[in-house]
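# Structural overview for review
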Amino acid sequence: MPKLSLVFRIFLAFLLIFVPLKTFDQWLYDRISQLNRGALADSPYVLIRVSEGKLAQSFEDPPPILNSGHALWKEAFYSPLLQKLSKTHPKLVIFTSFFNNPTETTSVRVPYPILFSSWLDQEGKLVPPLPPLSRNYDYGFNNLFPDPDNVIRQAYLVRSSVDSLALKAHQLLGLKTPEGDLVLPIHVAFGGPSGAFPSFDAWDILEPNFDTTALKDKILFIGREGSPWLDVETPFGKMSHLEVQANVVRTFLEDREIRYAGSFARTCFALISVIISVFIVLFFPLSFAWFLLVLIALSFGVVSWASLVGLRVWIGLANPLLCILGTHLLLIGFKLSREEEQQWRIREEAKYLKEMDQFKNNFVSLFSHDLKTPIAKIKAITDRVLTENPDLPLKVSDGFQGIERANNELARLISDILRVTKMETMPLDPAREVLDINRLIESAVQRLR
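Rules used throughout
Residues numbered from 1 in each chain as written. Predicted model: local features only at pLDDT ≥ 70, side-chain atom pairs only at ≥ 80, totals over all residues. Heavy atoms only, no water. Helix = DSSP H or I, 4+ residues; strand = E, 2+ residues; numbered from the N terminus. Buried < 20%, exposed > 50% of the residue type's maximum accessible area, 1.4 Å probe, protein only. Contact = heavy atoms within 4.5 Å. Areas by Shrake-Rupley, 256 points an atom, 1.4 Å probe, with all protein chains shown as cover. Expected span 1.5 Å × (residues − 1). Polar contact = N/O pair within 3.5 Å; in protein donor to acceptor, adjacent residues only side chain to side chain. Axes fitted to C-alpha atoms, helices over the stretch in contact; angles between N-to-C directions. Parallel < 35°, antiparallel > 145°, perpendicular 65-115°, else oblique. Left-handed = near helix turned anticlockwise from the far one by under 90°. Salt bridge = Lys/Arg side-chain N within 4 Å of Asp/Glu carboxyl O. Pairing = 2+ DSSP bridges.

### Regarding the overall build of the chain
The helix and strand inventory of the chain stands at 13 helices and 16 strands. Considering the chain as a whole, with its 449 residues, one finds that 40% of them fall into the buried category. A separation threshold of at least 6 residues defines the contact pool for the chain, and within that pool the share at least 24 residues apart is 75%. Summing over all exposed atoms, the chain offers an accessible surface of approximately 26,000 Å²; the carbon and sulfur share of this is 61%.

### Observations concerning helix H13 (residues 437–448)
With 12 residues, H13 should reach 16 Å at 1.5 Å per residue; the first-to-last C-alpha distance of 17 Å fits that figure. The N-cap of H13, judged by a side-chain oxygen 3.1 Å from the amide nitrogen of asparagine 438 a few residues on, is aspartate 436.

### Quick word on the packing of helix H6 (residues 165–172) against helix H8 (residues 241–253)
Their axes nearest at 9 Å, the elements H6 and H8 cross at an angle of 50°. Comparing the axis directions of H6 and H8 gives the class oblique. In this structure, the crossing between H6 and H8 has a hand that is right-handed. Of the residues in H8, those touching H6 at Leu165, Ala166, Leu167, Ala169 and His170 are Gln245, Val248, Val249, Phe252 and Leu253.

### Describing the pattern of salt bridges
One pass over the full model with this rule turns up 12 salt bridges. Ionic pairing is found between arginine 250 and glutamate 254, a salt bridge with its closest N-O pair at 3.9 Å. Among the residues examined, glutamate 254 registers a relative accessible area of 28% and is labelled partly exposed. The network of salt bridges with common partners includes Asp30, Asp147, Asp149 and Arg153.

### So, the packing of helix H9 (residues 263–283) against helix H10 (residues 286–311)
Interhelical geometry of H9 versus H10 gives an angle of 165° and a closest axis separation of 10 Å. The orientation of H9 relative to H10 falls into the category roughly antiparallel. Crossing handedness for the pair H9 and H10: right-handed. Along the contact surface, H9 presents Phe269, Ile272, Ser273, Ile276, Ser277, Ile280 and Val281, while H10 presents Ala289, Leu292, Leu293, Ile296, Phe300, Val303 and Ser304.

### Describing the pairing of strand E3 (residues 92–99)
Among the eight residues of E3, eight are classified as buried, and the element is accordingly described as predominantly covered. Inspection of the sheet shows strand E2 (residues 70–71) paired to E3 by two bridges, in the parallel sense. Within E3, the residue paired with histidine 70 across the bridge is phenylalanine 98. Bridging between E3 and strand E12 (residues 219–224) involves four bridges; their strand directions are parallel.

All we've got here are geometric facts, nothing functional implied.
What follows is the structure, given as structure tokens:
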């Protein structure tokens, strides 16, 4: 029966491998991702922030009510900004906000590629930026697709035969891009929390004395300045739409995509954790087993972090941790019951041995006392014979004296047996006495004759 219980518990432990823990795994992914903060200070990407409120105030417009991915197009503001950026020779300028209100024809002509944002409506249909932006420049959709917990971890490159900003930027830079009508999500490798990218205020750039050295030969992202109520959740916390799009483009251009391990690899990872946990719980003392299990859990965390940082592969950590904890809880009851049963058996065996020892002592005590009666009779007879018959032949007298000596030796041995039984129940102090070794040898020789 105990073996059947153990097998059933181990079977339940192996079933933990297949428990769906996507939400918890995503939470662990976010925490571990935050340990991987890339150095973005010298990156080829620079953010240019535009305050919609300040823009509307400068042109005496009413404050705009816009979504996070939408913005106002003001020709009088953006044309000088783009002209100023021409001096920096940017590789590409990307507008991360969706402009659906240009009412005047833009006459901006710059010697560098510009990429505008389009929008996918609720039906998945593309809404391009209104003319003249959609006629004169390339564009790609800027929608962000959060996970069920409302955190942005992945982005789509191609959706419904429409290119995203990241894929279109890839094309404009002359890089090889995927072909065909694909829906290709990538897991974004965020380089750090909000503010990790170097950024500048657009109004500062328009100042005559602004030093454009930091913008030379860069990929520039122009978008709305972050607002707390418009920011989106990421593994590094809240982040503006502008910063998220910069991370998406950076991930795709530099091939930094985070790849998720397949189900087989994740299953093997969880299976190893179950096997190790079963071995530790069953074959190590509980206190040491707890220490080893914590150490194993930390080791799995380090492996997951190293895989994410070094290989950019997320192998999943939720199921291995659940398997370690669940295996411990399932087997700890069995091990405690087994140890309790062993302790009960030890107590019963000790009780039985104590009873047997007491029986032995009682038997020896009674046996020893019963032997004293015939010894006393033998001594009395030999003393009487030797006393009443002093004229016995020497040989017969020596024989009776030998009987008396043997009887005395037997009495001494019985007394020693009684003392030994007393020593098992109470302490005895050793008694030291001086013996004549010559007389001891003579006595032994005489007995042997």
